[in-house]
Amino acid sequence: MSTRYSSMNSKRSVSLHEIALERWWPTLPTPVLALLELEQDPFYSFLDERKVSDIIDEALYYGKQQAKKMEVSRSPTQIINQVIHSGIRIRFPPKETQQNHTIRAQYRTTPPTIDVYRHSLQELLHFFQKTGFKVPQEEIITLHVVHEWFHHMESSHWGRTDLKLPKVSVPLWGPIYKHRPLKRLREIAAHSFTQEIMELPWSPLLLDHLLLLIQHGQSKQQIRDHFTHLNVKYQMLLSPKK
Ligand SMILES: [Zn+2]
């Protein structure tokens, strides 16, 4: 009985940046995770394959650079305070209030509001608990808030990331083409921003993939095999072009 209690107590509270996920779960390189995100863009098929690697690097770099400008410490309390002091409301709506249940958090412009969905907090807390870590809830909240903070900064100060990065030419009719931005680049940059601010050793995009595969009942080995397959599939596309 006493052993049991002491082993429960030994599960000390750890910050996200201290967790080396690759020791517990299969991982993917950040550019591959970013490419999986970019592929979801409705205009991805119009992107020249030779430009994929560079555009992903640019989006990742942009998010990282913007994070450096924020001059904020990694401390969740400080980050949350800074966000609130900049005039953003943070709310925690339950799942029922959300139309799309796969969304973890959301930014609304008027008035500036970040909604962090409770089901997502629970899912992540549970995931880390299962992995063997007791992560403070405020760390998980901050992970969501920082991502949406990026979108707030885009809409209030910086302008949309996808409009700053190269666009794709989409044929309208005959010889007429129109330039279209790749909206998913905003997500890639937001994740890179979050990783940099929270000093995470892994991309937050990795969590989305792991959680989705776990939700679909995949074993660790099946996830590893799937990731190996993706890595091989995208290696060519992401290797530097001569
Ligand atoms: Zn986003």
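Here is what the cut-offs are and how they apply
- Residues numbered from 1 in each chain as written.
- Predicted model: local features only at pLDDT ≥ 70, side-chain atom pairs only at ≥ 80, totals over all residues.
- Buried ≥ 20, exposed ≤ 12 C-beta atoms within 10 Å, placed from the backbone.
- Helix = DSSP H or I, 4+ residues; strand = E, 2+ residues; numbered from the N terminus.
- Pairing = 2+ DSSP bridges.
- Axes fitted to C-alpha atoms, helices over the stretch in contact; angles between N-to-C directions.
- Parallel < 35°, antiparallel > 145°, perpendicular 65-115°, else oblique.
- Left-handed = near helix turned anticlockwise from the far one by under 90°.
- Contact = placed C-beta atoms within 7 Å.
- Nonpolar A, V, L, I, M, F, W, Y, C, P; charged D, E, K, R; others polar.

Please clarify how the pairing of strand E5 (residues 176–180) should be interpreted in this entry.
If a strand is regular, its side chains alternate between the two faces of the sheet. Within E5, only zero of the five residues are buried, leaving the element largely exposed. Strand direction decides the pairing type here: strand E4 (residues 168–173) and E5, joined by five bridges, are antiparallel. Bridged to valine 168 within E5 is arginine 180. Hairpin connection of E4 to E5: two residues between the antiparallel strands, including glycine 174 at a positive phi of 50°.

Even after reading the chapter, I still don't get helix H2 (residues 30–38), so can you show me in this structure?
Helical periodicity: at 3.6 residues per turn, an α-helix aligns residues three or four positions apart in one direction. Most of H2 sits out of view: seven of its nine residues are buried. Among the residues of H2, Pro31, Val32, Leu33, Ala34, Leu35, Glu37 and Leu38 are the ones counted as buried.

Just checking my understanding: could you explain the packing of helix H5 (residues 118–131) against helix H6 (residues 137–158) for this structure?
Pairs of packed helices are described in terms of their axes, by the angle between the two and the distance that separates them. Close contact between H5 and H6 brings their axes to 10 Å; oriented N to C, the two are set at 125°. The angle between the axes of H5 and H6 places the two elements in the oblique class. Of the two possible hands of crossing, H5 and H6 adopt the one that is right-handed. Where H5 abuts H6, its residues Ser120, Leu121, Leu124 and Leu125 lie against Gln137, Ile140, Ile141 and His144. Tallied by class, the residues present in the contact of H5 with H6 amount to five nonpolar, three polar and no charged.

How should I be thinking about the sheet that holds strand E3 (residues 113–116) in this particular structure?
Neighbouring strands of a sheet are bound in pairs by backbone hydrogen bonds; such pairs are parallel or else antiparallel. Strand order in the open sheet formed by three strands is E1-E3-E2, and the pairing between neighbours is mixed. Of all strands in the sheet, those with a lone pairing partner are strand E1 (89–91) and strand E2 (105–108), marking the two edges. Adjacent strand axes in the sheet meet at a mean angle of 15° when their direction is disregarded. Across three bridges, E1 lies against E3 in parallel orientation. Considered in E3, the bridge of arginine 91 is made with aspartate 115. Across the sheet, H6 lies against E1, E2 and E3, angled at about 35° from E2, the strand it touches most.

Which parts of the structure should I look at to understand unusual backbone geometry?
In most cases, non-glycine residues show a negative phi, while peptide bonds are predominantly trans. The residue after threonine 110, namely proline 111, is reached through a cis peptide bond having omega -15°. Its location among the elements puts proline 111 in the loop between E2 and E3. One non-glycine residue, glutamate 199, lies in positive phi territory at about 50°. Summarising the element assignment, glutamate 199 is placed in the loop between helix H8 (184–197) and helix H9 (204–215). On the neighbour-count criterion, glutamate 199 (13 C-beta atoms within 10 Å) is partly exposed.

Help me understand the environment of arginine 184, please; the structure alone is not making it clear to me.
Take arginine 184: it is sitting in helix H8. On a C-alpha basis, the gap between arginine 184 and phenylalanine 127 in space is 26 Å, while along the polypeptide they are 57 residues apart. Ignoring sequence-local partners within four residues, the contact set of arginine 184 consists of Glu37, Leu38, Gln40 and Asp41.

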